[in-house]
Amino acid sequence: MATGQTDPQRRERILAATLDLIADDGVAGVSHRKIATRAGVPLGSMTYHFSGIDELLREAFTGFARHIEDVFELHLSRADSTEQAREAVTDLIHTLSEGPRRDLVLAQELYTLAARHVEYRSLTQEWMRRSRHLLEQHFDADTARQLDALIEGMTLHRALDDSPHDRALTRLAVARLTAAA
């Protein structure tokens, strides 16, 4: 294993390994030893780079939330009209629900942590604020809040359903919700 001086990406590998392990085993299955093994780093690197497992989880989930925010921005930034924004939201729902199962699992693990621990709730609240801000570039604040919930719910339903609904139903739901916009 490389030393820290010759391994400048070690911290990032630890964060990535943490998310991979959470996606495979859940937050309950995470330990310093398992993460170090998955990241291919000495166990001592864990406490060198992070004060404890909570700091590591918060940083890993913060990076994950930023990744999802980037996906939102990628879809919504191209819309120049309300109709294009509706189509962007439809695309976003299908991208998230048809994307890597890892992202879906990580989102649910973060939501579960946030439901149980206030320090993670602030992370999810910031994620929701950023998502709504991107939506508010195209829709009023109340509609953006409702759309954010619709995106989360439809993404989860599409990803977990044995026969997920098609784009036409997604498009219809988005159109109904944004009809007043």
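Quick note: structure is the one above.
Here the structure is a predicted model, which is why all the values come from computation and not from measurement.

Enquirer: Outline the overall build of the protein, listing residues and values.
Expert: When helices and strands are counted, the protein shows 9 helices and 0 strands. When its helices and strands are written in sequence order, the protein yields α-α-α-α-α-α-α-α-α. If one aligns the C-alpha atoms of the protein with their principal axes, the spans along those axes are about 55 × 35 × 30 Å. The contacts in the protein between residues at least 6 apart in sequence include a share of 65% that link residues at least 24 apart. For the protein, the computed accessible surface area is about 9700 Å², with 52% contributed by carbon and sulfur atoms. Distance between charge centroids for the protein: 4 Å, based on 22 positive and 28 negative side chains.

Enquirer: With reference to specific residues and values, describe the pattern of salt bridges.
Expert: By the definition in use, this model includes 12 salt bridges. Between Asp24 and Arg38 there is a salt bridge; the shortest N-O distance is 2.8 Å. One end of the pair, Asp24, is in helix 1 (residues 10-25); the other, Arg38, is in helix 2 (residues 32-39), with 14 residues separating them in the sequence. With its nearest N and O atoms 3.2 Å apart, the salt bridge here joins Glu83 to Arg86. With Glu83 and Arg86 both in helix 5 (residues 82-98) and 3 residues apart, the pair spans about one turn of that helix. Among the ionic contacts, a cluster of salt bridges with common partners joins Glu69, Glu126, Arg129 and Arg130.

Enquirer: Talk me through the packing of aromatic side chains; I want residue IDs and the actual numbers.
Expert: Inspection of every chain in the model, using the stated rule, returns 2 aromatic pairs. On the basis of an interplanar angle of 90° and a centroid distance of 5.9 Å, the ring pair of Phe64 and Trp127 is categorised as edge-to-face. Taken as a pair, Phe64 in helix 4 (residues 53-76) and Trp127 in helix 7 (residues 118-135) lie far apart in primary sequence, 63 residues in all. Taken as a pair, Phe64 and Trp127 share a single burial class, namely buried. Relative to Trp127, the ring of Tyr111 lies with its centre 5.7 Å away and its plane at 20°, an arrangement referred to as stacked.

Enquirer: Could you give an account of helix 6 (residues 101-116), naming the residues involved and the relevant values?
Expert: With 16 residues, helix 6 should reach 22 Å at 1.5 Å per residue; the first-to-last C-alpha distance of 23 Å fits that figure. Every buried residue of helix 6 is accounted for by Asp103, Leu104, Leu106, Ala107, Leu110, Leu113 and Ala114. Where helix 6 is buried, its residues contact helix 1, helix 4, helix 7 and helix 8 (141-160).

Enquirer: So what's going on with empty space enclosed by the protein? Which residues, and what values?
Expert: Following the criterion strictly, the structure yields 1 cavity of 30 Å³ or more and no others. Along the walls of the largest cavity sit 13 residues, with Leu96, Asp103, Ala107, Glu152 and Thr155 positioned nearest its centre. Within the residue set of the lining of the largest cavity, elements represented by two or more residues are helix 4, helix 6 and helix 8. Among the elements that make up the lining of the largest cavity, the one with the highest residue count is helix 6 (5 residues).

The rules behind these values
Residues numbered from 1 in each chain as written. Predicted model: local features only at pLDDT ≥ 70, side-chain atom pairs only at ≥ 80, totals over all residues. Heavy atoms only, no water. Helix = DSSP H or I, 4+ residues; strand = E, 2+ residues; numbered from the N terminus. Contact = heavy atoms within 4.5 Å. Areas by Shrake-Rupley, 256 points an atom, 1.4 Å probe, with all protein chains shown as cover. Lys, Arg positive; Asp, Glu negative; His and termini not counted. Charge placed at Lys NZ, Arg CZ, Asp CG, Glu CD. Salt bridge = Lys/Arg side-chain N within 4 Å of Asp/Glu carboxyl O. Phe/Tyr/Trp six-rings, centres within 6.5 Å; stacked < 30°, edge-to-face > 60°. Buried < 20%, exposed > 50% of the residue type's maximum accessible area, 1.4 Å probe, protein only. Expected span 1.5 Å × (residues − 1). 1 Å grid on protein atoms, 1.4 Å probe; cavity = no way out; pocket = protein on both sides within 12 Å on 5 of 7 lines; lining within 4 Å. Points joined across faces, edges and corners; volume = space filled by probe spheres on them.

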